[in-house]
Amino acid sequence: MGASQDGDPERTHHDPAGTRAPDPDGRAGAHPGAHPGAHPGAHPDGKADFTFRPYRHPAAGWGAAKSVTRFLVRERALLDGPRAILKMNHEDGGFDCPGCAWPDDTKGLHLDICENGVKHVTWEMTNKRVGRAFFAAHTVTELSGWTDHALEDQGRLTEPMVYDPGTDRYVPISWKDAFGLVGRTLRALESPHQAAYYTSGRLGNEATFLYQLMARELGTNNLPDCSNMCHEASGRALTASLGTGKGTVDLKDWEATDALFILGVNVASNAPRMLTSLTEAHKRGARIVHINPLVEAAATRAIIPHDFRDMATFHATRTSSLNLQPRIGGDMALLRGMAKAVLEQSASDPKALDREFVDRHTHGFEAYRALCAGTPWEEIERQSGIDRADILAAARVYREADRSIVSWCLGVTQHEHGVDTVREIVNLLLLRGNLGREGAGPSPVRGHSNVQGNRTCGIDHRPEPAFLDRLAEVCGIDPPREHGLDTVGSIRAMHRGDIKVFIGMGGNFALAAPDTPYTYEALRSCELTVQVSTKLNRSHLVHGRQALILPCLGRTEKDQQRTGLQSSSVEDSMSMVHLSVGMKRPASPHLLSEPAIIAGLARAALPDSATPWEWYIEDYDRIRDTMAQVLDGFEDFNRRVRLPLGFRIRQPARELVFLTPSGRAEFSTAPLPDVVPEPGTLALGTMRSHDQWNTTVYSDDDRYRGVTNLRTLVFMNQDDMRERGIGKFDPVDIISTARDGSRRRLDGYLAIPYDIPRGCAAGYMPEMNVLCALGDHSTQSDQPIMKHVKVTITPSS
Ligand SMILES: Nc1nc2c(c(=O)[nH]1)N[C@H]1C(S)=C(S)[C@@H](COP(=O)(O)OP(=O)(O)OC[C@H]3O[C@@H](n4cnc5c(=O)[nH]c(N)nc54)[C@H](O)[C@@H]3O)O[C@H]1N2
Ligand SMILES: Nc1nc2c(c(=O)[nH]1)N[C@H]1C(S)=C(S)[C@@H](COP(=O)(O)OP(=O)(O)OC[C@H]3O[C@@H](n4cnc5c(=O)[nH]c(N)nc54)[C@H](O)[C@@H]3O)O[C@H]1N2
Ligand SMILES: [Mo]
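Keep in mind the model is a prediction, meaning the values are calculated, not measured. (Residues numbered from 1 in each chain as written. Chains lettered and ligands numbered in written order. Predicted model: local features only at pLDDT ≥ 70, side-chain atom pairs only at ≥ 80, totals over all residues. Heavy atoms only, no water.)

**A few points about the overall build of the chain**
Within the chain, the secondary structure is distributed over 31 helices and 33 strands. Looking at the chain as a whole, 66% of its 797 residues qualify as buried. Of the contacts made within the chain by residues no fewer than 6 positions apart, 78% connect residues no fewer than 24 positions apart. Of the accessible surface of the chain, which amounts to about 27,100 Å², a share of 52% is contributed by carbon and sulfur atoms. (Helix = DSSP H or I, 4+ residues; strand = E, 2+ residues; numbered from the N terminus. Buried < 20%, exposed > 50% of the residue type's maximum accessible area, 1.4 Å probe, protein only. Contact = heavy atoms within 4.5 Å. Areas by Shrake-Rupley, 256 points an atom, 1.4 Å probe, with all protein chains shown as cover.)

Next comes the structure, spelled out in structure tokens:
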């Protein structure tokens, strides 16, 4: 692998015909570890025993129930699993499902779970362990040849480990010595900016608050987080348009709305609890429009597993009124077309537009109206890839609805123009006053279960001065004022040698970040890498000169501290904050909670700190009392978080209070981006399979897309295949071209003919991250462009 981004013109990262790595499970078909995202079951000989059959059943239903049972058996969690699941997302105690950020059912009527939530919890509760004997038996070099699935499948980490270069193994280290090593290394840095503190969005609010406090007390805002790859665009756009970076609706609004527009979310796999809202909405007579280049499973019909009557009778409920398949990146043009249609209609039907709302609460309407009028339908059709008639059909649904909600996820954000597209969503909503009233508003689907809470509680490389002022006042520190580095910026700085210490509070940075080989080099140039984790993963094997693995409690586990059992709070996609209490015995007696690990690191790095780190850990109520003084909307935190459903953080925009320069909601007037692929090239979107949680791959199946036992695939339009002389299941080579002209490639992937617009292709992250150049991030949000990679695909030579 080349040492620099544009050093060698083409790098090959995948060789399905390559040597097989030893597979600790003895499963056949294990993949060479040279390929960072290889998984058991991939096929060295191309097409051994995978199957592909388009999925024609409803989402969820018995298929999901069967899959859950198989999973519980495999993880040996048949006894604990079901008991824990009954405790999940319950208002009277229990833990918050770490699976996603969808809010909990407010009515308490349902068993509020889904197939993927169950898999996710079970994966954490597994009875398998990876202890010191395991590490003694395997060198890091050997483990590097294992698949990612095999690494995580070893089970839960049990004690702190430190890398020993002499034997190329991880060996046990005491917590005290581990903290000492980090403290010494941090103290020896020439500048606090030589360290980066990454967060993956699982961390509870209390740990989050301590983590950012530690970084800022040390003197840096280098707080990269997974949000930088996820919803950074949504936060920036909503802040610019509405003054606060969050959605304005809650679950009650979903229950009251007349029309739902769902853009760029694979609901059935990634936000399965939304299926309940969709089926209920449809039964109530609400219209549902799905906008996605792929018609995903939830965009047709679903059977909700907790609806026992439907399960028994196999009764499926429709979950869509209209499906539109724009080209990749075409959403903004489609939304502009809908707005144009509404405005054109308002000439003859004044009720199409909520003129009173626009006049009272918005700014910039005339400029936006002129922009819509001046954007020709031909351009809208070309850029969206959708016929005018279909855009008008979507606009009609919007116009006929009294109340509309627009919801979106990565299909909208992970683009160069992610911010502009989210702002266009707001433009459309503003036209009909779909804000600040029941059943209406923008509703982003966040990713990790507490990614929104992380931002609320201070994980932000560009913190607001007002927040820093309060932090300084309440916590008695002198926080740095200059902006810190985000994910992409941190990788660059590590690569340059400017960041020498990387601390990962959860997550799997090495695999989640773009440009895998470059990110590997960046991590390897560090003086020290520290990973706080529950399971063994690639980021432990791609490490700095010194390296630590610090194992922590999972969310399902009891967190016992000096004053008793502790709870942590989390915030869901709809700004509800509630407590999560673990109920299981910890996987090992040597695990520490995340707050305790942060306090240990902080004390070692800041021996003279006046912050009462140890006192905080004795009782998390004390952390919450401090947070209540620093954070907006957290007044009386300890009492309110114990209310049955927790509390909702106030959303000014919901109350039509806009913290924008004009004091009103701002229309944006961005030009449409050109997203039509150049001749010969395709726009490739990287996404998750059904049996996957980000970098954790449970199996090589993607049930709702009809695939079993194959991940090294690329979904293509039949005509694009024919044009390139590519037959069904033929091996192909995929070459990406970055903005700077550098090229990256994956060889021997299998082409799967799929219902996807021409010019578009799709495949799985994290394997395809090798195709994403680090430099190709949005100029609007710095978010890596993971949904629009410019590629050529040719038959394998
Ligand atoms: N089970 C499970 N649940 C998860 C996760 C998981 O890995 N597994 N991950 C969590 C995280 S961190 C996140 S951020 C979310 C991610 O949730 P999603 O956003 O659903 O994630 P992806 O799998 O990347 O799927 C993106 C969807 O966008 C579509 N798409 C691609 N390009 C475009 C486009 O240009 N326009 C439109 N309209 N659509 C497009 C794809 O077809 C796909 O349906 O899920 C969270 N929940
Ligand atoms: N090409 C491409 N790349 C992408 C994306 C994409 O769509 N396309 N999506 C991006 C997105 S949206 C995201 S959010 C990132 C995800 O990036 P990350 O959040 O960094 O990755 P995960 O795979 O969620 O992290 C999994 C690891 O978290 C650890 N873990 C699990 N539970 C806990 C816990 O309770 N505490 C701690 N400390 N550790 C725990 C385990 O060790 C596990 O191996 O990936 C991004 N990368
Ligand atoms: Mo995410």
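**Thoughts on the site of ligand 2**
Around ligand 2, the surrounding shell holds 30 residues, and the nearest of these are Y198, A512, E594, T695 and N769. At a separation of 3.3 Å, a nitrogen atom of ligand 2 approaches a polar side-chain atom of T534. Note that a nitrogen atom of ligand 2 is positioned 2.6 Å from one of the side-chain N or O atoms of N769. The protein chains hide 96% of the 940 Å² of surface that ligand 2 would expose on its own. Taken together, the residues of the shell around ligand 2 break down into eleven nonpolar, 13 polar and six charged. The residues that make up the shell around ligand 2 include at least three from each of domain 1 (3-56 + 679-795) and domain 3 (130-228 + 450-635). (Near = heavy atom within 4 Å. Polar contact = N/O pair within 3.5 Å; in protein donor to acceptor, adjacent residues only side chain to side chain. Nonpolar A, V, L, I, M, F, W, Y, C, P; charged D, E, K, R; others polar. Domains from an automatic or database assignment.)

**Quick look at the sheet that holds strand 2 (residues 59-60)**
The sheet built from three strands is open, its strands ordered 2-10-11 with mixed pairing. The open sheet has two edge strands, strand 2 and strand 11 (317-318), and neither has a second partner. Sheet topology places strand 10 (residues 301-303) next to strand 11; two bridges connect them, and they run antiparallel. Of the residues in strand 11, the one forming a bridge with R301 is R318. (Pairing = 2+ DSSP bridges.)

**Some thoughts on the packing of aromatic side chains**
Under the criterion given, the structure shown has 22 aromatic pairs. For the pair F634 and F647, a centre-to-centre distance of 5.9 Å together with 90 degrees between the ring planes defines the contact as edge-to-face. In this pair, F634 sits in the loop between helix 29 (620-630) and helix 30 (637-640) while F647 sits in strand 23 (residues 647-648), placing the two residues 13 residues apart along the sequence. On the accessibility criterion, F634 (0% relative accessible area) is buried. Owing to a relative accessible area of 5%, F647 belongs among the buried residues under this scheme. (Phe/Tyr/Trp six-rings, centres within 6.5 Å; stacked < 30°, edge-to-face > 60°.)

**Brief notes about the side chain of N454**
Position of N454 relative to the elements: it lies in helix 21 (residues 451-456). Of note is the side chain of N454, whose polar atom sits 3.0 Å from the side chain of T208. Residue contacts for N454: discarding those within four places in its chain leaves T199, S200, G201, R202, L203, N205, T208 and I459.

**Observations concerning the environment of Q718**
Note on placement: Q718 falls in helix 31 (residues 718-723). For the pair Q718 and D755, spaced 37 residues apart in the sequence, the C-alpha separation amounts to 8.1 Å.

**Side note on the pairing of strand 21 (residues 568-571)**
Burial of the side chains of strand 21 extends over both faces: S568 and V570 are buried on one face and S569 and E571 on the other. Strand direction decides the pairing type here: strand 21 and strand 22 (residues 576-580), joined by four bridges, are antiparallel. Within the sheet, the bridge partner assigned to E571 lies in strand 22 and is V577. The antiparallel hairpin formed by strand 21 and strand 22 contains four residues in its connecting segment, where S575 sits at a positive phi of about 65 degrees.

**Details of the environment of M125**
Take M125: it is sitting in helix 3 (residues 115-125). Overall, M125 belongs to the buried group, its relative accessible area being 2%. As for M125 and A587, which are separated by 462 residues in sequence, their C-alpha atoms are 7.8 Å apart.

**As for unusual backbone geometry**
Most peptide bonds are trans, and most residues other than glycine sit at a negative phi. For the bond from M765 to P766, the omega torsion is -5 degrees, close enough to zero to count as cis. Within the secondary structure, P766 sits in the loop between strand 32 (760-764) and strand 33 (789-795). The residue N694 is not glycine, and still its phi comes out positive at about 50 degrees.

**What to know about the site of ligand 1**
In the vicinity of ligand 1 lie 27 residues, with E296, G329, D331, Q692 and N694 positioned nearest. Take D331: an N or O atom from its side chain is 2.6 Å from a nitrogen atom of ligand 1. The separation between an oxygen atom of ligand 1 and a polar main-chain atom of L410 is 3.0 Å. Coverage of ligand 1 by the protein chains reaches 98% of its 930 Å² of free accessible surface. Going through the elements one at a time, helix 11 (267-270), helix 19 (410-413) and strand 26 (692-693) are the ones with two or more residues in the shell around ligand 1. Grouping the amino acids of the shell around ligand 1 by side-chain chemistry returns ten nonpolar, 13 polar and four charged.

**Concerning the packing of helix 17 (residues 377-384) against helix 18 (residues 388-400)**
Working note: a packed helix pair is described by the angle between its axes plus the distance between those axes. Contact geometry of helix 17 with helix 18 gives a least axis separation of 10 Å together with a crossing angle of 90 degrees. Between helix 17 and helix 18, the interaxial angle falls into the category roughly perpendicular. Contacts between helix 17 and helix 18 involve W377, I380, E381 and S384 from the former and R388, I391 and L392 from the latter. Broken down by class, the residue content of the contact of helix 17 with helix 18 amounts to four nonpolar, one polar and two charged. (Axes fitted to C-alpha atoms, helices over the stretch in contact; angles between N-to-C directions. Parallel < 35°, antiparallel > 145°, perpendicular 65-115°, else oblique.)

**Overview of the pattern of salt bridges**
In total, this model carries 45 salt bridges according to the counting rule given. One salt-bridge network, in which partners are shared between bridges, spans E206, D621, R624 and R642. (Salt bridge = Lys/Arg side-chain N within 4 Å of Asp/Glu carboxyl O.)

**Some words on the nonpolar core**
Grouped together as the largest cluster of nonpolar side chains are 61 residues, with contacts concentrated most on L186, Y197, F209, Y211, M214, L548 and L550. Contacts of L548, omitting those with residues within four sequence positions, involve M161, V162, I173, A178, L181, V182, T529, V530 and Q531. Judged by nonpolar contacts, the second largest core, of 54 residues, contains A233, L324, A339 and V358. (Core = buried A, V, L, I, M, F, W, Y, C linked by side-chain atoms within 4.5 Å.)

**Observations regarding the sheet that holds strand 29 (residues 713-716)**
Pairing is mixed around the closed barrel formed by six strands, whose spatial order is 25-32-29-31-30-33. Across the sheet, the mean angle separating the axes of adjacent strands is 45 degrees when strand polarity is ignored. As defined by bridge partners, strand 30 (residues 731-737) adjoins strand 31 (residues 743-753) across six bridges and the pair is classed as antiparallel. Bridge assignment links S736 to a residue of strand 31, and that residue is R744.

**Examining helix 20 (residues 418-431)**
The terminal C-alpha atoms of helix 20 lie 20 Å apart, and with 14 residues this matches the ideal 20 Å at 1.5 Å per residue to within 8%. Here helix 20 lies mainly inside the structure; 14 of its 14 residues are buried. Two residues or fewer past helix 20, G433 is found with a positive phi of approximately 60 degrees. (Expected span 1.5 Å × (residues − 1).)

**Section: helix 7 (residues 175-188)**
The terminal C-alpha atoms of helix 7, which comprises 14 residues, lie 20 Å apart, in line with the 20 Å expected from a rise of 1.5 Å per residue. Restricting attention to buried positions, one finds in helix 7 the residues W175, A178, F179, L181, V182, G183, T185 and L186.

**Quick look at the environment of L565**
Relative to the elements of secondary structure, L565 occurs in strand 20 (residues 564-566). On the basis of relative accessible area, L565 is assigned to the partly exposed category, the value being 44%. Put simply, L565 and Y620 are 55 residues apart on the chain and 9.6 Å apart in space, counted from C-alpha to C-alpha. In this structure L565 touches K558, D559, Q560 and V581, once residues within four positions along its chain are discounted.

**Details of the confidence of the model for the chain**
Chain-level pLDDT for the chain is 90 on average; 89% of the residues reach the 70-or-more range. Predicted confidence is poor over residues 1-47, with pLDDT under 50, and the contacts of this stretch with residues over four places away or in other chains come to 127 contacts. (pLDDT = per-residue confidence, 0-100.)

**Let's talk about the side chain of S573**
In this structure, S573 sits in the loop between strand 21 and strand 22. By relative accessible area, which is 3% here, S573 ends up buried. Within polar-contact distance, the side chain of S573 engages the backbone nitrogen of R446 at 2.8 Å. Sequence-distant contacts of S573, defined by excluding residues within four places in its chain, comprise A101, P444, V445, R446 and Q452.

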